[in-house]
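So you can see what is in the structure, the chains are spelled out below.
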Amino acid sequence: MKWLFMACASVSILTTIGILVTLLYQGYGFFNEVSPWEFLTGTRWTPILKPRSYGVLPLVSGTLLVTVIAAMVALPVGLMTAIFLSEYAADNVRRIIKPILEILAGIPTVVYGYFALTFVTPLLQNIFNDLLVFNALSAGIVMGVMIIPMVSSLSEDAMISVPRNLREAAYALGATRYEVSLRVVVPAALSGIIAAFIIAISRAIGETMLVTIAAGATPRMALNPLEGVQTMTAYIVQLSLGEAPVGSLEYNTIFAVGLVLFCMTLLMNLLGFWIVRRFREAY
Amino acid sequence: MGNSTVFNIRGLNVYYGDFLAVKDVDMDIKKESVTALIGPSGCGKSTYLRCLNRMNDLIIGASVKGQVSFENRNIYDSNVDATEVRSRIGMVFQKPNPFPKSIYRNIAFGLKVNGFTGDMDEAVEKSLKQAALWDEVKDRLNDSAFTLSGGQQQRLCIARALAIQPEVILMDEPASALDPIATLAIEDLVRELKANYTIVIVTHNMQQAARVSDETAFFMVDEDRSGYLVEHDDTQKIFTNPTNQRTEEYITGRFS
Amino acid sequence: MNEYKPVANSINPNRKRRKIIGASVYCIFLISTLVGIVGLGVLIFDVLDKGIPWLNWQFLTDYPSRKPEEAGLYSALIGTIWLMFMTALLTVPIGVGAAIYLEEYAPRNLLTKAIEINVSNLAGVPSIVYGLLGMALFVYYLGSSEQFLGRTLLAGALTLALLVLPIVIMASREAIRAVPDSYRQGAYAMGADKWQVIKGVVLPSALPGILTGTILAMSRAIGEAAPVIAISALVYMTFIPAHPMERFTVLPIQIYNWVARPQEEFRGLAAAGIIVLLAILLTMNAIAVVLRNKYQTRSEE
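Residues numbered from 1 in each chain as written. Chains lettered and ligands numbered in written order. Predicted model: local features only at pLDDT ≥ 70, side-chain atom pairs only at ≥ 80, totals over all residues.

Digging into the overall build of chain C
- What chain C contains, in helices and strands, is eleven helices and zero strands.
- Ordered by position in the sequence, the α and β elements of chain C form the string α-α-α-α-α-α-α-α-α-α-α.
- The C-alpha radius of gyration of chain C comes to 26 Å, more than 25% above the 19 Å expected for a compact globule of 301 residues.
- Dimensions of chain C, computed from C-alpha atoms along their principal axes, come out at roughly 85 × 65 × 45 Å.
- Among the 301 residues that make up chain C, the fraction classed as buried is 45%.
- Taking the intrachain contacts of chain C between residues at least 6 apart in sequence as the baseline, contacts between residues at least 24 apart amount to 73%. (Helix = DSSP H or I, 4+ residues; strand = E, 2+ residues; numbered from the N terminus. Rg over C-alpha atoms; globule rule 2.2 N^0.38 Å. Buried ≥ 20, exposed ≤ 12 C-beta atoms within 10 Å, placed from the backbone. Contact = placed C-beta atoms within 7 Å.)

A short note on the overall build of chain A
- Assigned secondary structure in chain A consists of twelve helices and two strands.
- The order of helices and strands in chain A, counted from the N terminus, is α-α-β-β-α-α-α-α-α-α-α-α-α-α.
- The dimensions of chain A, computed from C-alpha atoms along their principal axes, are 70 × 65 × 35 Å.
- Within the span of chain A, comprising 283 residues, buried residues form 55% of the whole.
- For chain A, long-range pairs separated by at least 24 residues make up 73% of all intrachain contacts whose partners lie at least 6 apart in sequence.

Digging into the interface of chain C and chain A
- With 66 residues of chain C in contact, the opposing surface of chain A contributes 67 residues.
- For the side of chain C that touches chain A, the class distribution of residues is 48 nonpolar, 15 polar and three charged. (Nonpolar A, V, L, I, M, F, W, Y, C, P; charged D, E, K, R; others polar.)

Quick word on helix 9 (residues 190-206) of chain A
- Taking 1.5 Å per residue, 17 residues should reach 24 Å; helix 9 of chain A reaches 24 Å between its end C-alpha atoms and fits that length.
- Where burial is concerned, most of helix 9 of chain A is hidden: 14 out of the 17 residues are buried. (Expected span 1.5 Å × (residues − 1).)

Observations concerning the environment of Asn257 of chain C
All names here are of chain C.
- By secondary structure assignment, the location of Asn257 is in helix 10 (residues 251-259).
- Among the residues examined, Asn257 registers 24 C-beta atoms within 10 Å and is labelled buried.
- Distance in space between the C-alpha atoms of Asn257 and Arg267 is 9.9 Å, their sequence separation being ten residues.

A closer look at the nonpolar core
- One finds Val142, Val151 and Leu210 of chain A to be the most contacted residues of the largest nonpolar core, which totals 272 residues.
- Excluding residues within four positions of it along the chain, Val142 of chain A makes contact with Tyr112, Phe115, Ala116, Val120 and Leu210 of chain A. (Core = buried A, V, L, I, M, F, W, Y, C linked by C-beta atoms within 7 Å.)

A closer look at helix 11 (residues 232-240) of chain A
- Burial within helix 11 of chain A is extensive, with seven of its nine residues counted as buried.
- Three or more residues of helix 11 of chain A are buried, namely Met232, Thr233, Ala234, Tyr235, Ile236, Val237 and Ser240 of chain A.
- In the core, the buried residues of helix 11 of chain A are packed alongside helix 3 (57-88), helix 9, helix 10 (209-214) and helix 12 (249-279) of chain A together with helix 5 (127-139) and helix 9 (226-232) of chain C.

Remarks on the environment of Ser10 of chain A
- For Ser10 of chain A, the position within the fold is in helix 1 (residues 2-31).
- Among the residues examined, Ser10 of chain A registers 16 C-beta atoms within 10 Å and is labelled partly exposed.

So, the sheet that holds strand 2 (residues 19-30) of chain B
Residue and element names in this part refer to chain B.
- Taken together, ten strands build an open sheet; the order of strands is 5-4-1-2-10-9-3-8-7-6 and the sheet is mixed. At either margin of the open sheet sits one strand with a lone partner, and together these are strand 5 (73-74) and strand 6 (89-92).
- Pairing of strand 1 (residues 5-16) with strand 2 involves eight bridges; the strand directions are antiparallel. Pairing of Phe7 across the sheet is with Ile29, part of strand 2.
- Taken strand by strand, helix 6 (residues 150-163) contacts strand 6 and strand 7 (168-172), and its axis lies near 170 degrees from that of strand 6. (Pairing = 2+ DSSP bridges. Axes fitted to C-alpha atoms, helices over the stretch in contact; angles between N-to-C directions.)

Thoughts on the packing of helix 3 (residues 74-105) of chain C against helix 10 of chain C
All names here are of chain C.
- Across the interface, helix 3 lies against helix 10 with an axial gap of 8 Å and an inter-helix angle of 150 degrees. The angle between helix 3 and helix 10 falls in the class roughly antiparallel. Between helix 3 and helix 10, the residues in contact are Ala76, Leu77 and Thr80 and Leu251, Ile253 and Gln254, respectively.
- Taken together, the residues that form the contact of helix 3 with helix 10 break down as four nonpolar, two polar and no charged. (Parallel < 35°, antiparallel > 145°, perpendicular 65-115°, else oblique.)

Overview of the packing of helix 3 (residues 103-113) of chain B against helix 4 (residues 120-130) of chain B
Residues and elements named next belong to chain B.
- Packing of helix 3 against helix 4 leaves a shortest axis separation of 10 Å and a crossing angle of 110 degrees. Judged by the angle between their axes, helix 3 and helix 4 are roughly perpendicular. Residues Tyr104, Ile107, Ala108 and Leu111 of helix 3 touch helix 4, and the partners they reach there are Met120, Ala123, Val124, Ser127 and Leu128.
- Of the residues assigned to the contact of helix 3 with helix 4, the class counts are eight nonpolar, one polar and no charged.

Focus on the pairing of strand 4 (residues 62-70) of chain B
Residue and element names in this part refer to chain B.
- Where strand 1 and strand 4 come together, eight bridges link them in antiparallel fashion. Its bridge partner being in strand 4, Val14 is matched across the sheet by Val64.
- Pairing geometry for strand 4 and strand 5, over two bridges, is antiparallel. Bridged to Ser69 within strand 5 is Asn74.
- Between strand 4 and strand 5, which follow one another and run antiparallel, lie two residues, and Glu71 among them has a positive phi close to 50 degrees.

Looking at unusual backbone geometry
Residue and element names in this part refer to chain B.
- In the Ramachandran plot, Asp24 falls in the positive-phi region, its phi being about 45 degrees despite a non-glycine side chain.
- With respect to the element layout, Asp24 can be found in strand 2.
- By the C-beta count within 10 Å, which is 14 here, Asp24 ends up partly exposed.
- Residue Glu71 is not a glycine yet carries a positive backbone phi of 50 degrees.

Describing the confidence of the model for chain C
Residue and element names in this part refer to chain C.
- Confidence along chain C averages 87 in pLDDT terms, with 95% of residues attaining 70 or more.
- Element-level pLDDT for chain C is lowest in helix 2 (residues 57-61), with a mean of 83, against a maximum mean of 93 in helix 6 (residues 153-177).
- Among the scores for the predicted complex, ipTM is 0.91 and pTM is 0.89. (pLDDT = per-residue confidence, 0-100.)

What about the pairing of strand 9 (residues 215-221) of chain B?
Residues and elements named next belong to chain B.
- Most of strand 9 is tucked away: six of the seven residues are buried.
- Here four bridges tie strand 3 (residues 34-38) to strand 9, and the two strands are oriented parallel to one another. Bridge pairing links Thr35 to Glu215 in strand 9.
- Alignment of strand 9 against strand 10 (residues 227-234), held across seven bridges, turns out to be antiparallel. Bridge pairing in strand 10 links Glu215 to Asp234.
- Where strand 9 folds back onto strand 10 in an antiparallel hairpin, the turn is made up of five residues, including Arg225, whose phi is positive at roughly 65 degrees.

Put into structure tokens, the structure is as follows:
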């Protein structure tokens, strides 16, 4: 029986191998025709329209723009929520708030995409007159709200594991609650908090439906959040729904982009793990 | 050693929820003396100690009735700020709990929080000297506190408490997590500190109480598991000729 | 006289200022916490507001149509049910098997550690990448344009099974780990071998946890649109699949299809579809919570 179960466990290894093989093999098909240099440094992405151009930077910059906006929302709010829940909130308050945040985390991302497009964008258009229907700002803000629970719960885990006697030591010196939270607990939990940030950002980078719906389909070197952008993930969706023949160069572009996406998220996840391992305080 | 009292405790009762943990304690604690609190485990000595600097406020469900007068004011008065109480009455805990910061910053923390405006380096050095730790760490003040041994960490915690110049230092079994040599170092320190500070020390080690303290208070549990004060007197008297029979039984080890 | 006599040299605790700062900090933290909650509330309110007018029995039994009044989610609903059923069938045995291996059999060596790191990493891979994997390996043969399983339910189920596998593995591992060792010892002491112990004692005991984990995994799977789009490449489908080797669509894709249309009515349809999807999710999670509570109290007897 042991071998049966071992086979099951190896499915996960096979999955990783499968992902790597797929991306590299199909990506190889792409890089045969387009130089990696052009791909990684080009600033025009028009793989379907002529004149064809295969620079991936517009997609990367689109992803990063939305992610940065999301981070600006989620990281502070998520951390402060975590501090509130861990250091201030009474038990019955926590028992109400935590499930609500879990619900927030479980909502499918198409729903968030819907919300960004049909509610947030019109709302913001009242403030920013130049806001286009598809824009990075709405997508970024809603994505930020979407990953708040992740930042909050991971940061809270980090703070709860700070031993109680550290807080007691600080209180015994005449520190107030906010001083204990911000000058003892948060610094003591910092490695876990940073790991939480990194993992949440990685999630934002890999998010697909929200940006497909709300951020647009125009690859551009994005700096202006009021305009539409196309993220790496949205491009993959766009092409999947298109009619590019299998095996063609256009078809292979999704694997090349997928490869960049996979590498970025993998690096961030590994970074997160490494930070926790390296800097974790041995209490 | 002066004759004035620092603490006047009257009718102190401590409840955890509905459970009465400490019952009806009256006690006076003299200035610049060492008072040991002894008794079997679970008799409320630590709970009682934590009342003296309002650390029990931090425990949900704990409530304190009665009066703890510190320098003629009840620290449990509604217009008294707990952080003020704690900056005047310091505490050292059973398991050394230095912050995950450098040695220097452990001591500087209390000073910064309390708005210290003087020379920080000088203040850190002074506290470490008072805690008899300066010579051992003076070349590595920026090292993490966790590079110190258990005994050194505890002396660091004492230095940290001393830095903000409290009147009183409460110690909750400060040597119980340490080896015998480190324990003796702590006891020597307590004897030195009493020249300038009032010290109240909880200990389960009777010999330690006899060695270190000027007065001893013996606690016990009654049938309802509430702790109460049996006898409080000069250490010499408690250990050679106690008034209460239960005290004598405990001291001579007829039960523990 | 509000304070004790002045404290020693150079110490200036400034309590009033700190009190004010403390109160402001508390307010800021409280407001932050409310951001998420208020956001959720607004979202739900908006969805209900726009979607309820479109919710009726027709909606659930009609196929999508170019005319909003006649459009419904029947094909997507059936597709979702098919897909979830098949995904669960695939992922649960493998996931539980992997968990059994990791918890009961695997030695603490490098290979085991590698598997564990691997599972954690897979949990963080974007779902669209799983879609690419599925497309290249299940829909077509790798490297060729010849169809393997084609753009079918089976390909979709395999892909989603791999996607949620890490969740099933991690939840099952926790459930198995929570089984007290004393149970195992008791069984061994009666002469049972390892598999008998697992089959007779560990699994039954871990079953509620495994079930909860499965429901969690399926909750995730049911909302996934991206990998399914990559597999099925369809958003508009007016028939239902009759067997696993047919094309299909799912609820989140149908919602996406409607949202992407500019007309106001389709937005309303999308909202109605969202209500259905969220209702299903809510039910699933409620079942999971009930299960968890029921078996938690039982194990405390």
